[in-house]
Amino acid sequence: MTKKLTQALLLSVIAIMTACSNETENVETHYEASKPLEVVSLKDFMKLPSTRSAYLSSTLGFTPIEENQEVLKFNSISDAVSTLKELLNKKETERVKFYNVLDFDGAYTLITNARNEIDKILDIDNEQQLRDAIDAYKNKYKNVIAFNDTDEYDVTPSLIFSDDSRKLIASKQGFIIIGEELKHVKDIDIQGVTRAFGPTIIEPKFESIIGATAAEVKRGKYRSDICLGMDKYSQNFMYRGASQKKTLFWKSRYSTEYKCDLYLDGNKYIIDDPNDINKGELFRFLLPITSTRPYHGKKVSGSIKNFTSGCCYGVYSSVDFTLDFTHFK
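Criteria and cut-off values
- Here the residue numbering is sequential within each chain, running from 1 through the sequence in written order.
- Where totals are concerned, whole chains, interfaces and linings use all residues; where local detail is concerned, this predicted model gives features only for residues with pLDDT of at least 70, and gives and counts side-chain atom pairs only at 80 or more.
- Remark: hydrogens and water are excluded; side-chain values derive from all non-hydrogen atoms of the structure.
- Throughout this description, the term salt bridge denotes a Lys or Arg side-chain nitrogen within 4 Å of a carboxyl oxygen of Asp or Glu.
- Throughout, exposure labels follow a simple rule: accessible area from a 1.4 Å probe, protein chains only, divided by the maximum for the residue type, with under 20% read as buried, over 50% as exposed, and the rest as partly exposed.
- Ring pairs shown here join Phe, Tyr and Trp side chains whose ring centres sit within 6.5 Å, with only the six-membered ring taken for Trp; geometry is labelled stacked below 30 degrees between planes, edge-to-face above 60, and tilted in between.
- Working definition: helices are DSSP H or I runs of at least four residues, strands are E runs of at least two. Numbering for both runs from the N terminus.
- In this analysis the charged atom, NZ for Lys or CZ for Arg, is taken to sit over a ring once it is within 6 Å of the ring centre and within 35 degrees of the ring normal.
- The pairing criterion for strands is at least two bridges between them, as found by DSSP.
- Structural elements are reduced to axes, namely lines fitted to C-alpha atoms, with helices fitted over the stretch in contact, and the angle between N-to-C directions of any two is expressed from 0 to 180 degrees.
- N or O atoms closer than or at 3.5 Å make up a polar contact, with two conditions inside protein: a donor-capable atom paired with an acceptor-capable one, and, for residues adjacent in sequence, both atoms drawn from side chains.
- Throughout, a contact is declared for two residues whenever any of their heavy atoms are within 4.5 Å.
- Every angle not falling under 35 degrees, over 145, or within 65 to 115 is termed oblique; those three ranges are roughly parallel, roughly antiparallel and roughly perpendicular.
- Left-handed describes a crossing whose near helix is turned anticlockwise from the far helix by less than a right angle; the clockwise case is right-handed.

(A) Structural view of the pattern of salt bridges. Under the criterion given, the structure shown has 17 salt bridges. A salt bridge links Lys 183 to Glu 181; its shortest N-O distance comes to 3.5 Å. Of the residues examined, Lys 183 reaches a relative accessible area of 27% and is grouped as partly exposed. Where Glu 216 meets Lys 218, a salt bridge forms, and the shortest distance between an N and an O atom there is 3.8 Å.

Right, dumping it as structure tokens:
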């Protein structure tokens with residue numbers, strides 16, 4: 001009796017385990033079939049009927065296409081937009097983890113690595129060695145990175161397509177796959193996406209204000225400055241932060257954070273910007289949003305106190321200014 005009971009219990013356990021195993025397999029199969037994105041190779045999609053050579057040529061011009069570059073493939077445009085929104089809300093360390101989990105080497109990783117590499121190169125003080133290292137650097141990235149073609153000493157790396165939030169889901173040369181169709185991110189409308197995250201994501205049209213004075217700090221080969229301005233379209237106050245590293249004749253924009261206290265007409269604004277968009281030059285609206293319109297036709301006093309940056313830590317600068325809006329009616 002005991003033996004039969006034991007056998008019955010054993011068979012019951014095996015049946016339960018088998019059912020759970022099948023259920024797990026079904027869940028995993030369903031996940032694999034419905035996952036919103038995957039990493040594929042560009043060359044596997046270049047010969048599809050939906051991919052026209054004329055489209056590829058018009059996209060990159062004379063730049064050779066790197067067929068082996070990794071591309072994110074989404075089931076739909078909504079999946080792409082959802083992923084972009086998710087990445088926009090992540091910190092840089094979280095984005096790096098996201099790409100590492102996917103094992104995706106795309107535009108964001110490319111521009112980050114290129115900036116880190118030129119930063120190390122600019123540590124070289126010997127002119128000939130520095131020149132040789134920069135020549136090798138430009139040759140290495142010639143098909144995926146753009147450089148200033150009017151100033152040979154400006155070695156700031158930029159993507160060969162618009163360096164905005166779309167780089168977060170783009171391949172090294174800006175490609176993306178929706179369903180079975182190869183597209184370039186420049187052809188994807190993201191205005192609704194960026195607006196959904198408020199003015200701190202949008203890069204407005206920065207305009208200087210008469211009387212605005214920049215606060216500037218220097219430390220070794222690094223220099224940073226911050227200046228108050230306004231958006232051309234909304235006429236709301238905004239600020240511009242910029243940094244660069246310079247060695248001998250060569251220079252490159254440097255991505256870093258900015259901190260200061262800004263006073264305007266008796267009101268205090270705390271700027272503690274982590275530069276989570278990872279740019280050497282950034283534009284942000286002053287928060288809380290403040291319009292310039294109440295000051296039109298007037299002059300207004302202000303100041304920047306205790307300005308510093310991540311690359312110039314320990315160095316502080318303060319300036320006073322008087323903004324002139326008397327030419328506004």
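(B) Inspection of the packing of aromatic side chains at higher detail. Under the defined criterion, the tally for this structure stands at 15 aromatic pairs. Summarising the aromatic geometry, the rings of Tyr 153 and Phe 249 are spaced 5.6 Å apart at their centres and angled 50 degrees between planes, so their arrangement reads as tilted. Taken together, the residues span a long stretch of sequence, with Tyr 153 in the loop between strand E3 (145-146) and strand E4 (158-159) and Phe 249 in the loop between strand E10 (237-247) and strand E11 (250-253) at a distance of 96 residues. For Tyr 153, a relative accessible area of 25% gives the class partly exposed. Both rings, one in Phe 325 and one in Phe 328, keep their centres 5.8 Å apart while their planes meet at 55 degrees; by these two values the pair is tilted. Like Phe 328, Phe 325 is buried. One aromatic cluster is present, built from ring pairs that chain together Phe 98, Tyr 99, Phe 104 and Tyr 108. A cation sits over an aromatic face here: Lys 138 above Phe 147, 5.6 Å from the ring centre. Just above the ring of Tyr 313 sits the side chain of Arg 219; from NZ or CZ to the centre is 4.1 Å.

(C) Spotlight on the sheet that holds strand E13 (residues 267-273). Judged by pairing direction, the sheet is antiparallel, and its four strands sit side by side in the order E13-E12-E15-E16 without closing on themselves. Each edge of the open sheet is held by one strand with a lone partner, namely E13 and strand E16 (317-324). Here the average twist between neighbouring strands, direction ignored, is 20 degrees. Pairing geometry for strand E15 (residues 299-309) and E16, over seven bridges, is antiparallel.

(D) Layout of the pairing of strand E12 (residues 258-264). Of all seven residues in E12, five are buried, a share of seventy percent or more. If you look at the hairpin formed by E12 and E13, you'll find two residues sitting between the two strands, and Asp 265 has a positive phi there, around 55 degrees. Strand direction decides the pairing type here: E12 and E15, joined by six bridges, are antiparallel. By the bridge assignment for E15, Leu 264 is matched with Gly 302.

(E) Representation of the sheet that holds strand E5 (residues 175-178) in the model. Here four strands make up an open sheet; going across it, the order is E1-E2-E5-E6 and the pairing mixed. The open sheet is flanked by strand E1 (37-41) and strand E6 (181-184), the only strands paired with a single partner. For this sheet, the mean inter-axis angle between neighbouring strands, taken without regard to orientation, is 35 degrees.

(F) Molecular detail of the side chain of Asp 225. Tracing the sequence through the fold places Asp 225 in strand E9 (residues 222-231). On the basis of relative accessible area, Asp 225 is assigned to the buried category, the value being 8%. Only 2.9 Å separates the side chain of Asp 225 from the side chain of Arg 223, close enough to count as a polar contact. Those residues in contact with Asp 225 that lie beyond four places of it in its chain are Ala 215, Glu 216, Arg 240, Gly 241, Ala 242, Tyr 258 and Phe 307.

(G) Layout of the packing of helix H5 (residues 107-121) against helix H6 (residues 127-140). Contact geometry of H5 with H6 gives a least axis separation of 10 Å together with a crossing angle of 165 degrees. Here H5 is positioned roughly antiparallel relative to H6, judged by the angle of their axes. In this structure, the crossing between H5 and H6 has a hand that is right-handed. Residues Ala 114, Arg 115, Glu 117, Ile 118 and Ile 121 of H5 pack against Leu 130, Ala 133, Ile 134, Tyr 137 and Lys 140 of H6.

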